[in-house]
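Here are the chains, one letter per residue:
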Amino acid sequence: MEFLGYERPDGSAGIRNYVLVIPGGLLAAKICDFVEGTRTILTADSGSGRTGRDRETVARTLIGLGRNPNVASVIVHSSSPGAGYPELRPSRIAEEIARSGKRVELIDVAEEGNTFRALEKGVQLAREMVRQASMLRRQPFDLDHLAVGVKCGASDTTSGIAGNPVIGNLFDRIVEAGGTAFFGENTEIIGAEHVLARRGVNERASKRILEVAEETEERAKATGEDIRTINPVPANIAGGLSTLEEKSLGAIHKSGSAPIQGVLNYAERPGGKGLYFVDNWMSATSIFAGYAASGAELVIYQLGGGGSRGNDLLHPTTAVVSPLMWTTANPKTLAMARTSIDFYSGTVIEGEETIEEAGGRLLQTVLEIASGTLTRVETIRHTDPTQIYLKDTPF
Amino acid sequence: MPARGALMLSEKDNVATAVEEIKQGAEVPVRLGREVRHVRALEEIPFGFKVAVADIAKGAPVVKYGESIGVASVDIEKGRRVHIHNLAGARGRGDLAKGGP
């Protein structure tokens, strides 16, 4: 089981080969407008007016994206409202990314004299860097070099019966081969946390899973609202799902059956390989960038879609540097969004394939994408803004 | 084999998920692995929705995946559609916490 990837100095393997410009904002956006092969994060979450814990999350996200194996090299600039905080100093971000051995360049606007001079320097630097990156050739890597993250969304009853279990089978195969897999969505383990906690690799992992469920449920109760008016979302209910417990029990099937190594914070990099639960927010505008910052080279959106109508172009990605692939097990959803969906597992419901067989087929699709085949939505040049998952009140 | 009837996911389950559009009065084949049993649908069960495969008393757990997905908010007859009108979640209920003890 091999894929063709780009070797990085820290021994990891990228499945794409970008130059990343961070933080987001005008300077980064304009450099990326000019230069092919670049990426930047589009977000209003600069860290300004945020608690130390939240500023550290913003920093961890930027550093993690920079260290992602899909990134060949990085430009860090000083033009951001958060840049004055110690956690978010450009030199700190640059140093932490450079520890991976990859090339990092700093642009200090004050040193350049003004923004337009900094832009000129950035454009010329980025042009040179993408050209340098393009000289690298793909080479074969084992599956132990792959890290993937998954979210299930607009879940319906096909998600729990087929869509998620087939993703779970893929996860088992990747983890078994020594790779890394992330799943998360802290609201959606409520009602299923006891099942997940049994899979903790040690007592600490099990305890953390229960704690995340408890913290999330306490926060939900503190709102004074019935969580059913928030989650399950209306599309879930229209798709046949009734309660949060039912949604959660179906949702956790996407994690497969491997032992859970531990619980990570949003954008936190794991200490080793294997399966990890991430304490993150379910929103597609947030979760994928977090997985990419944790090191995922590919992210998967397992779509139910039973409650959706007429949405054929599914949104491309918010993972910034990692391609997004869409899967579904719902035949109506496939018919609705055939031009966006890369993999269909409704065959399991139709009795044409077992979960095991569909999982094997999914792995082949993943290896092709990892080797350079574009996902269907990757052909669209559009990036939705990222909401970095911050937990504290802004001031 | 075309998809027909409804699927149970654990033998502990008292609901099954429809994998076709089920009409009122239909004898529904309910599959659990290789085993097939039959339940008469007392009402229409749309694709993806759940049908009770046993009588479920008000207050008793509704079981899917072998785990509780909430409690019956009214008595549910075998063959009835089970959804938010007769099944209530028990978790994350801020509305109950407010007036609760």
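Computed from a prediction, not measured in an experiment: that's the story for all the values here. (Residues numbered from 1 in each chain as written. Chains lettered and ligands numbered in written order. Predicted model: local features only at pLDDT ≥ 70, side-chain atom pairs only at ≥ 80, totals over all residues.)

Asks: Can you help me understand the overall build of chain A in this one?
Replies: A count of helices and strands for chain A gives 13 helices and 14 strands. For a compact globule of 395 residues, the expected C-alpha radius of gyration is about 21 Å, and chain A comes in at 20 Å, within 12% of that figure. In terms of overall dimensions, chain A has C-alpha extents of about 65 × 50 × 45 Å along its principal axes. When burial is assessed residue by residue, chain A has 57% of its 395 residues classed as buried. Residue pairs in contact within chain A that sit at least 24 positions apart in sequence constitute 76% of those at least 6 positions apart. (Helix = DSSP H or I, 4+ residues; strand = E, 2+ residues; numbered from the N terminus. Rg over C-alpha atoms; globule rule 2.2 N^0.38 Å. Buried ≥ 20, exposed ≤ 12 C-beta atoms within 10 Å, placed from the backbone. Contact = placed C-beta atoms within 7 Å.)

Asks: Just to check I follow, could you spell out the overall build of chain B for this structure?
Replies: When helices and strands are tallied, chain B shows one helix and nine strands. Walking chain B from its N terminus toward its C terminus, one meets helices and strands in the order β-β-β-β-β-β-β-β-β-α. Based on the C-alpha atoms only, the size of chain B along its principal axes is roughly 50 × 25 × 20 Å. For chain B, with 101 residues in total, the buried portion stands at 45%. In chain B, once contacts between residues fewer than 6 apart in sequence are set aside, the share between residues at least 24 apart is 46%.

Asks: Sorry if this is basic, but what is going on with the nonpolar core here?
Replies: Taken as a class, soluble globular proteins show a tendency for nonpolar side chains to be buried jointly. Grouped together as the largest cluster of nonpolar side chains are 143 residues, with contacts concentrated most on Val-148, Ala-292, Leu-298 and Val-299 of chain A together with Val-51 of chain B. Of the domains in this structure, domain 1 (18-135) and domain 2 (142-379) of chain A are the two that each give at least three residues to this core. Apart from residues lying up to four places away in sequence, Val-299 of chain A is in contact with Val-148, Gly-149, Phe-288, Tyr-291, Ala-292, Ala-319, Ser-322 and Leu-324 of chain A. (Core = buried A, V, L, I, M, F, W, Y, C linked by C-beta atoms within 7 Å. Domains from an automatic or database assignment.)

Asks: How should I be thinking about helix α11 (residues 284-294) of chain A in this particular structure?
Replies: For the α-helix, the turn length of 3.6 residues means that residues three or four positions removed from each other point alike. Residues and elements named next belong to chain A. By the criterion of burial, α11 is predominantly enclosed, with ten of the eleven residues buried. Ala-284, Ser-286, Ile-287, Phe-288, Ala-289, Gly-290, Tyr-291, Ala-292, Ala-293 and Ser-294 are the residues of α11 that are buried. At the exit of α11 stands Gly-295, carrying a positive phi of roughly 120°.

Asks: Teacher, can you tell me more about the confidence of the model for chain B here?
Replies: In low-pLDDT segments, the atomic positions of the prediction should not be examined closely. Chain-level pLDDT for chain B is 88 on average; 90% of the residues reach the 70-or-more range. Model confidence for the complex: the whole-complex pTM is 0.90, and ipTM, which rates the interface, is 0.88. (pLDDT = per-residue confidence, 0-100.)

Asks: How do you make sense of the domain arrangement of chain A when you look at a structure like this?
Replies: Interfaces are often sized by the amount of accessible area the parts lose when they come together. Residue and element names in this part refer to chain A. Assigned domains of chain A: these are domain 1 (18-135) and domain 2 (142-379). The distance between the C-alpha centroids of domain 1 and domain 2 comes to 29 Å. Of all the secondary structure elements, the ones that give two or more residues to the side of domain 1 that touches domain 2 are β3 (18-22) and α2 (52-67). Looking at which element gives the most residues to the side of domain 1 that touches domain 2, the answer is α2, with five residues. Taken together, the residues of the side of domain 1 that touches domain 2 sort by class into six nonpolar, five polar and two charged. (Nonpolar A, V, L, I, M, F, W, Y, C, P; charged D, E, K, R; others polar.)

Asks: Can you help me understand the sheet that holds strand β5 (residues 71-77) of chain A in this one?
Replies: Within a sheet, adjacent strands bond to each other through the backbone by hydrogen bonds, running parallel or antiparallel. Residues and elements named next belong to chain A. Within the open sheet, the four strands sit side by side as β4-β3-β5-β6. Their pairing is parallel. What marks the edges here is a single partner per strand, and that holds for β4 (38-40) and β6 (103-107). Here the strands of the sheet are splayed against their neighbours by 25° on average, with no regard to which way each runs. By the bridge criterion, five bridges tie β3 to β5 in an arrangement that is parallel. Each bridged residue has a counterpart across the sheet, and for Leu-20 the counterpart in β5 is Val-74. Packing against the sheet, α2 makes contact with β3 and β5, and its axis sits at approximately 160° to β3. Contacts from helix α3 (residues 90-98) reach β5 and β6 within the one sheet, and its direction differs from that of β6 by about 170°. (Pairing = 2+ DSSP bridges. Axes fitted to C-alpha atoms, helices over the stretch in contact; angles between N-to-C directions.)

Asks: Would you mind going over the sheet that holds strand β7 (residues 67-72) of chain B with me for this structure?
Replies: Pairing is antiparallel across the open sheet formed by three strands, whose spatial order is β6-β7-β9 (chain B). Of all the strands in the sheet, the pair left with one neighbour each is β6 (61-64) and β9 (87-88) of chain B. On top of the sheet, helix α10 (residues 244-251) of chain A reaches β6 and β7 of chain B; it is set at about 165° to β7 of chain B, its chief contact.

Asks: Any chance you could explain unusual backbone geometry here in plain terms?
Replies: Working note: non-glycine residues mostly have negative phi, and peptide bonds are mostly trans. All names here are of chain A. Residue Pro-23 is bonded to the preceding Ile-22 through a cis peptide linkage, with omega at -10°. Counting through the fold element by element, Pro-23 comes out in the loop between β3 and α1 (26-34). Phi angles above zero are rare outside glycine, and Ala-154 is one such case at about 40°. Within the fold, Ala-154 resides in the loop between β8 (147-153) and α6 (157-176). The phi dihedral of Val-320 falls on the positive side, at around 65°, and the residue is not glycine. Tracing the chain through its elements places Val-320 in the loop between β12 (298-303) and β13 (324-328). A count of 26 C-beta atoms within 10 Å places Val-320 in the buried class.

Asks: Before we go on, may I ask you to explain the pairing of strand β4 (residues 35-40) of chain B in this structure?
Replies: A regular strand places its side chains so that they alternate between the two faces of the sheet. All names here are of chain B. As paired strands, strand β3 (residues 27-32) and β4 are joined by six bridges and run antiparallel to one another. When the sheet's bridge partners are listed, Leu-32 is paired in β4 with Glu-35. Hairpin connection, β3 to β4: the antiparallel pair is bridged by two residues, and Gly-33 has positive phi, about 60°.

Asks: Is there a simple way to think about the interface of chain B and chain A in this case?
Replies: In this complex, chain B contributes 26 residues to the contact, which on the side of chain A involves 30 residues. Contributing elements (two or more residues each) for the side of chain B that touches chain A: β7 and α1 (94-99) of chain B.

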